[in-house]
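Residue-level structural notes
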Amino acid sequence: MYRGLIHFHSVHSYDSMLGINEIARFAVKNKLNFLVLTDHDRIAGSVALRSYFEQNNIEIEVILAAEYKTEYGDVIALGISREINDMKFSNFVKEVRGQGGILLFPHPYVGHNNIDLIAKASDMIEVFNARASDECNHNAVVLANKWGKKIYYSSDAHTHKSLGNSIVEFERRSSLIDSLLNSDIRQVT
């Protein structure tokens, strides 16, 4: 079973106060075994978090990811190995795919335009964001159903207090990404 967080931020984002050590302590305390840290416009946070776990022999999987601001709004690139620099949406999608990554559509009804275009291109749609309104989250469920997309839940945490707002669990398959794409994700907090 995978248990962890999808879509949250560290001090590597301009608007977060969460340090790497603080995130690590939270993950160990809450028995998490994966984290998808999605700092704004850069993978430096997920690289640092992965390195921290490796250096301290902590078995928590970290997939490199970031939440990039494209011309149509934020999109998460997950499973990439290097930064994405072209924010023109069509080029962004090609570069993520070229790196073998997948696309997650965070908070679809907060700060986006061309929502259907992003939804169609995405592999997964965030249907619960702890920082979004109930109406926005409901509309995201409708959007995911419309496009037949896999769903996920997030705290979109920027502070320690909000880290636990959306811990998720799902069946473990061959890899974390495969498991995300092929398991039913449950929100447990």
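Above: the structure in question.
The present account deals with the structure reproduced in this document.

About the cut-offs
Residues numbered from 1 in each chain as written. Predicted model: local features only at pLDDT ≥ 70, side-chain atom pairs only at ≥ 80, totals over all residues. Heavy atoms only, no water. Helix = DSSP H or I, 4+ residues; strand = E, 2+ residues; numbered from the N terminus. Expected span 1.5 Å × (residues − 1). Buried < 20%, exposed > 50% of the residue type's maximum accessible area, 1.4 Å probe, protein only. Arc of directions from axis to C-beta. Contact = heavy atoms within 4.5 Å. Pairing = 2+ DSSP bridges. Polar contact = N/O pair within 3.5 Å; in protein donor to acceptor, adjacent residues only side chain to side chain.

We now examine helix 5 (residues 134-147). Helix length check: helix 5, at 14 residues, gives a terminal C-alpha distance of 20 Å against a target of 20 Å (1.5 Å per residue), a fit within 8%. Taken together, the buried positions of helix 5 are C136, N137, A140, L143 and A144. Buried residues of helix 5 fall within an arc of 115° about the axis and therefore sit on the same side. Residues D134, E135, N145 and K146 are exposed on helix 5 and point more than 90 degrees away from its buried face. Tucked into the core, helix 5 has its buried residues touching strand 6 (102-105), helix 4 (115-121), strand 7 (124-129) and strand 8 (150-154). G148, located one to two residues past helix 5, shows a positive phi value of around 65°.

Among all residues except glycine, the phi angle is most often negative; among peptide bonds, the trans geometry is most common. One non-glycine residue, K31, lies in positive phi territory at about 55°. Inspection of the secondary structure puts K31 in the loop between helix 1 (20-29) and strand 2 (34-37). Residue K31 is classed as exposed on the basis of its relative accessible area of 66%. With a phi angle near 55°, N114 is a residue other than glycine that sits in the positive phi range. Structurally, N114 is set in the loop between strand 6 and helix 4. Relative accessible area serves as the criterion here: at 40%, N114 is assigned to the partly exposed category.

Attention now moves to helix 2 (residues 44-55). End to end, helix 2 covers 16 Å across 12 residues, agreeing with the expected 16 Å (1.5 Å per residue, within 8%). When we look at burial in helix 2, the residues that qualify are G45, S46, L49 and F53. Burial along helix 2 is one-sided: seen end-on, the buried residues are contained in an arc of 95°. The exposed residues of helix 2 that point more than 90 degrees off its buried face are E54 and Q55. In the core, the buried residues of helix 2 are packed alongside helix 1, strand 2, strand 3 (61-62) and strand 4 (65-70). Backbone geometry just after helix 2 places N57 at a positive phi near 50°.

Within strand 5 (residues 73-78), 6 of the 6 residues are buried, which leaves it mostly tucked inside the rest of the structure. Two elements, strand 4 and strand 5, share 6 bridges in a ladder whose sense is antiparallel. Bridge pairing links T70 to G73 in strand 5. Count of turn residues in the strand 4/strand 5 antiparallel hairpin: 2 residues.

Residue placement: S154 occurs in strand 8. At 3.3 Å, the side chain of S154 and the side chain of H7 are in polar contact. With residues near it in sequence (within four places) discarded, S154 still touches I6, H7, E126, F128, N129, A130 and S166.

As far as function goes, none of this settles anything; it's purely spatial.
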